[in-house]
Amino acid sequence: MRSGSGDAWLQRHQRPLFLLASGLSTSGSFAGLTAKGWILMAGTGNPLLLALHFAALALPSLLVSGRAGVLTDRLGCETMLIRSQWGLFGGAALGALAIPLLQGPGQVVLLLLSTLVVGVSSSFELTARSKYCSLLVERPEQVAPYLASFSVVFNVGKLVGPPLGGWLVALSGPAMALAIDAASYLLPIATVIWLLRPHRELEQRSAGGEGASLGAAWRDCGSTLRHVLRFTTVACLVGFFHPGLAPLIAAEVIGPSPQALGLFTSVLAAGSIAGGVVLQRNSLALSERPVLLLGGCAVLVALAQLGMAAATRGTAALAMALLIGAGTAGLLAGSNLILQVGAPMALRGRMAGLGQIAFLGGGGVSGLLAATLAMSLGLPATFALLGGLGLVVGVLELGRNGALRLRSA
């Protein structure tokens, strides 16, 4: 009887348990990423190296997200989620070992390798997690608000993690921040294995053969979701370089200290939380108007980038960073939400993989592009150029396809 009562309690509270474990893990992860970024910036002062660091996190999605989606739909999202979480732990532990064991170029190489392993594992983890969330709800209409709530909790972790990483670097050195990053991945692993009670009977897996391929998912998902993927890719190419260049941007608008980096990234995260809350409260309505949601977010990010180009150091720049955080959160979380709600269960793993290729792959290329422009034109001109391009892309999208509905195709 007691065991049955315990199972019933876990069944009722499994969604907040998963959110809590993931949020704590996200806080540790962003503490580690902040520490790595500051180490690279302080040791080299090279913005291109910062872009490579973010690219190591984001660009693996171009190579492995498709495979991650295929395996998630074939082997099951829970199996892939657990395997990928162990991969995240291993990659983070590699970064923690780089500080005491190596110095100079060797340390830089091992830190980048650590981020690469985390990037590859994250592609599998995010893909599996998107589909796994559908197994933790009781009714299909709960999927959209739960996915949006997940985005809010993720961004709360982004808010807490960077200042934690900055303070840990300042008080006890980067090794502590990276060790906490590694340890934080153990919590979601334990939660998924021992605490959650997903509705496994609801999962639909794909069979082998051509019908289980990424190309089949692209063909079968419908014209509306294909349009969402195309627009998300373009919008990220011109408007999602801020995470990779955060140390450089923070150094110019606030100062070179690790606390300044923590403040800047926390402002970005605060904007992301605000955008995520708006999306969560209007998830069903907004998911039905994909162009209105994604195009509006692209315009907001572009206007904030133009404002950043004109702003001087201090409050005005931080206000623009807040808007950038809100817009990018709406773009990325909104794209994932639309793809999951609009796709059949058997395609959701592969649609999550295609979504990652769009926004993380686009973001990785965007970071390299922005770093190259910043080295030749300067950071304000980079904001102005990419912000202008983003504004054109967003306005044209709203004007041409603003009436498009999710169920129209």
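For the structure itself, look to the data block above.
Please read all numbers here as calculations on a predicted model, not as lab measurements. (Residues numbered from 1 in each chain as written. Predicted model: local features only at pLDDT ≥ 70, side-chain atom pairs only at ≥ 80, totals over all residues. Heavy atoms only, no water.)

A. Seen up close, helix α7 (residues 174-184). Where α7 is concerned, the buried positions are P174, A177, L178, D181, A182 and S184. End-on, the buried residues of α7 take up no more than an arc of 165°, which puts them together on one face. (Buried < 20%, exposed > 50% of the residue type's maximum accessible area, 1.4 Å probe, protein only. Helix = DSSP H or I, 4+ residues; strand = E, 2+ residues; numbered from the N terminus. Arc of directions from axis to C-beta.)

B. Seen up close, the environment of N46. Assignment of secondary structure puts N46 in the loop between α1 (2-44) and α2 (47-58). Exposure remark for N46: the relative accessible area of 31% places this residue in the partly exposed category. Distance from N46 to V291, taken between C-alpha atoms, is 37 Å for residues 245 residues apart in sequence.

C. Structural detail: a nonpolar patch on the surface. A contiguous nonpolar surface patch, about 520 Å² in accessible area, is contributed by W86, L186, I193, W194 and L195. Within the secondary structure, I193 is located in helix α8 (residues 186-195). According to the relative accessible area criterion, I193 is partly exposed, its value standing at 38%. (Patch = residues over 30% accessible without salt bridge, like charges linked within 9 Å, V, L, I, M, F, W, Y side chains within 5 Å. Areas by Shrake-Rupley, 256 points an atom, 1.4 Å probe, with all protein chains shown as cover. Salt bridge = Lys/Arg side-chain N within 4 Å of Asp/Glu carboxyl O.)

D. Structural detail: the state of the cysteines. Tallied over the full model, the rule gives zero disulfides. Between C77, a cysteine without a disulfide, and C133, which holds the nearest cysteine sulfur, the sulfur-to-sulfur distance is 9.1 Å. Among the residues examined, C77 registers a relative accessible area of 0% and is labelled buried. No disulfide involves C297; its sulfur sits 11 Å from the nearest other cysteine sulfur, which is in C236. The class of C297 is buried, set by a relative accessible area of 11%. (Disulfide = S-S within 2.5 Å.)

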